[in-house]
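# Descriptive analysis of the structure
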Amino acid sequence: MRTESDYLGSMVIPADALYGIHSLRAQHNFPDTTPFQIEWYKAMGITKLACYLTYKEFVKALKEDSEVSLKDFQIIGDDVIDSLIASSKEVVEGKHYDQFIVPAIQGGAGTSINMNVNEIIANLSLISLGHKPGSYKIIDPIEHANVFQSTNDVVPTALKVATLKLLVELEESINNLRFRVEEQEKKHRGDLRIGYTQMQAAVPSSWGQLFSTYSEALSRDWWRVSKCFERIKVVNLGGGAIGTGIGTPRFFIMEVVNQLQRLASLPITRSENLVDATSNLDSFVEIHATLKAHAVNLEKMVSDLRLMASDIARNQLSIPKRQVGSSIMPGKVNPVIAEYVVSVSHRVYSNDQLISGLCGQGTLDLNAYVPMIGHALLDSLKLLISANNTLAANMIQGIEVDTDRASELLFMNPSITTALLPHIGFNKASILANIMKSDGLNIFEANEKLKLIDDSKLREIVKSENLLKLGFSMKEI
């Protein structure tokens, strides 16, 4: 065991632990068991790496400037800064994540996040130089690992890096799902079905048209997500505690974001107003609104398909059987993929309310709730990616439509008479619809009984290509 101290007192820590007193205090203070998002942890590593590399450039520039005196400026040695660089690269790779002991739900605006990473990097660096963890007189988590940084610029910047990377994945997952839906749209372009309004049979439609509504919605989702990059790419790294840059060299402020952009291969830019970027988190609210819209479209789509595949819908459409559905009812299979997506959507809705509320809780120059905001945002992104991926792989591409059964049900349903309105009018069409319903006849059998329209004309009107035309021309009457 080893003992570490801060200005609040001392604590005993396992001798080989990479975390330190700041992390352990946070673990004791925040009795949550929700894991911190590993994507954010990795992004903290790359943000720290950018800071260390920029520091090295800064020192090089100082040494080359003959007009600058280094007599009163304490410079971190090359061996130390190089060890910090190497250690931060290990965090970027997700290594030592088990040493990150601060939970997702916490207080302190992210100070515990920053200090846990600082301690991991500092202790890794100590070990690499042949020292024991906790030898902070040699490499200190604050003096060295946190050089020219603040929790208030590093943590939200890392959150945006993690968000940007997941947005790339989300875009890809939406496009893949859209491709699967478009396959169904093309496959069933001319296959007829009953169109419904308010859960009641309404007018003839097609399965292709139904799937087209989903592909169009996913296209809008993709477009909106692509715009999120512009909203979230602006960071406050270098701004320090509240964005004024106090205590930070101007060289560092001007260069560190460029360094991060190169390392992350992301379109990250420094805010023109670092104080605003530190104080206001409305960009998170804006992009999460896009995530919520995507969740709404996913819920609508799977709810429709689940209903159409239900026993109630008389087996016109079937979805893949993914797992046994009951421990007591033999042969039962449930629409589990659709249910998963609905559950994901509602989690996103709740995250949206949480993010909006906590972003509004920012006070004056800082928002204390960045950890919870970030956790909810990354949670929504990962859940939506998973929903898109399982939908594409485990549901959409396996959908089968019984086109013969769907056509049969359409011609048995009184809603088909809507197609005759331009030809025989509403009142005669209503008579035809009523006898279809009362006598259980299809439209051809009912018309044979009533003789309201020539049979050959009727059969021409209800051909798939004619029913699916947009409106009618007078030549067709």
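Just so it is clear, the structure is predicted and the values come from calculations on it, not from any experiment.

## Some words on the overall build of the protein chain
When its secondary structure is counted, the protein chain shows 16 helices and eight strands. Its C-alpha atoms give the protein chain a radius of gyration of 31 Å, clearly above 23 Å, the size a compact globule of 477 residues would have. Its C-alpha atoms give the protein chain principal-axis dimensions of about 105 × 55 × 35 Å. Taken over 477 residues, the protein chain has a buried fraction of 50%. Contacts spanning at least 24 positions in sequence make up 73% of the contacts within the protein chain whose residues lie at least 6 apart. Counting only carbon and sulfur atoms, one obtains 52% of the accessible surface of the protein chain, whose full area is about 22,600 Å². Of the side chains in the protein chain, 47 bear a positive and 54 a negative charge, and the two mean positions are spaced by 5 Å.

## Considering the packing of helix H5 (residues 151–187) against helix H9 (residues 282–308)
Between H5 and H9, the least distance of the axes is 13 Å, while the angle of their chain directions is 25 degrees. Regarding the angle of H5 to H9, the classification is roughly parallel. Regarding H5 and H9, the two cross each other, and that crossing is left-handed. Residues Leu-159, Lys-160, Thr-163, Leu-170, Ile-174, Leu-177 and Val-181 of H5 form the contact with H9, whose own contacting residues are Ser-283, Phe-284, Ile-287, Leu-291, His-294, Leu-298 and Met-301. For the contact of H5 with H9, the class distribution of residues is 10 nonpolar, three polar and one charged.

## Brief notes about the side chain of Gln-316
Mapped onto the elements, Gln-316 comes out in the loop between H9 and strand S7 (317–318). Apart from residues no more than four positions distant in its own chain, Gln-316 is found in contact with Tyr-196, Trp-207, Glu-400, Val-401, Asp-402, Ala-406 and Leu-409.

## A few points about the side chain of Asp-140
You can see Asp-140 is positioned in the loop between helix H4 (111–128) and H5. Here Asp-140 is buried and forms no salt bridge, its nearest opposite-charge partner Lys-137 lying at an N-O distance of 11 Å. Apart from the residues within four sequence positions on either side, Asp-140 is in contact with Ala-122 and Ala-145.

## Observations regarding a nonpolar patch on the surface
Among the surface-exposed residues, Phe-472, Met-474 and Ile-477 lie close enough to one another that they form a single nonpolar patch of about 350 Å² accessible area. For Ile-477, the position within the fold is in the segment after helix H16 (464–467). Overall, Ile-477 belongs to the partly exposed group, its relative accessible area being 43%.

## Notes on the environment of Ser-69
Secondary-structure assignment places Ser-69 in the loop between helix H2 (38–64) and helix H3 (78–92). Considering only alpha carbons, one finds Ser-69 and Ser-265, 196 residues apart in sequence, at a separation of 36 Å.

## A closer look at the confidence of the model for the protein chain
For the protein chain, the average pLDDT comes to 94, and 100% of its residues sit at 70 or higher. When pLDDT is averaged over each helix and strand of the protein chain, the minimum, 87, is found for H16 and the maximum, 98, for H4.

## Re unusual backbone geometry
Positive phi values are uncommon outside glycine, yet His-96 reaches one of about 65 degrees. With respect to the element layout, His-96 can be found in the loop between H3 and H4. In this structure His-96 comes out as partly exposed when scored by relative accessible area, which is 23%. The residue Leu-364 is not glycine, and still its phi comes out positive at about 55 degrees.

Parameters at a glance
- Residues numbered from 1 in each chain as written.
- Predicted model: local features only at pLDDT ≥ 70, side-chain atom pairs only at ≥ 80, totals over all residues.
- Heavy atoms only, no water.
- Helix = DSSP H or I, 4+ residues; strand = E, 2+ residues; numbered from the N terminus.
- Rg over C-alpha atoms; globule rule 2.2 N^0.38 Å.
- Buried < 20%, exposed > 50% of the residue type's maximum accessible area, 1.4 Å probe, protein only.
- Contact = heavy atoms within 4.5 Å.
- Areas by Shrake-Rupley, 256 points an atom, 1.4 Å probe, with all protein chains shown as cover.
- Lys, Arg positive; Asp, Glu negative; His and termini not counted.
- Charge placed at Lys NZ, Arg CZ, Asp CG, Glu CD.
- Axes fitted to C-alpha atoms, helices over the stretch in contact; angles between N-to-C directions.
- Parallel < 35°, antiparallel > 145°, perpendicular 65-115°, else oblique.
- Left-handed = near helix turned anticlockwise from the far one by under 90°.
- Nonpolar A, V, L, I, M, F, W, Y, C, P; charged D, E, K, R; others polar.
- Salt bridge = Lys/Arg side-chain N within 4 Å of Asp/Glu carboxyl O.
- Patch = residues over 30% accessible without salt bridge, like charges linked within 9 Å, V, L, I, M, F, W, Y side chains within 5 Å.
- pLDDT = per-residue confidence, 0-100.

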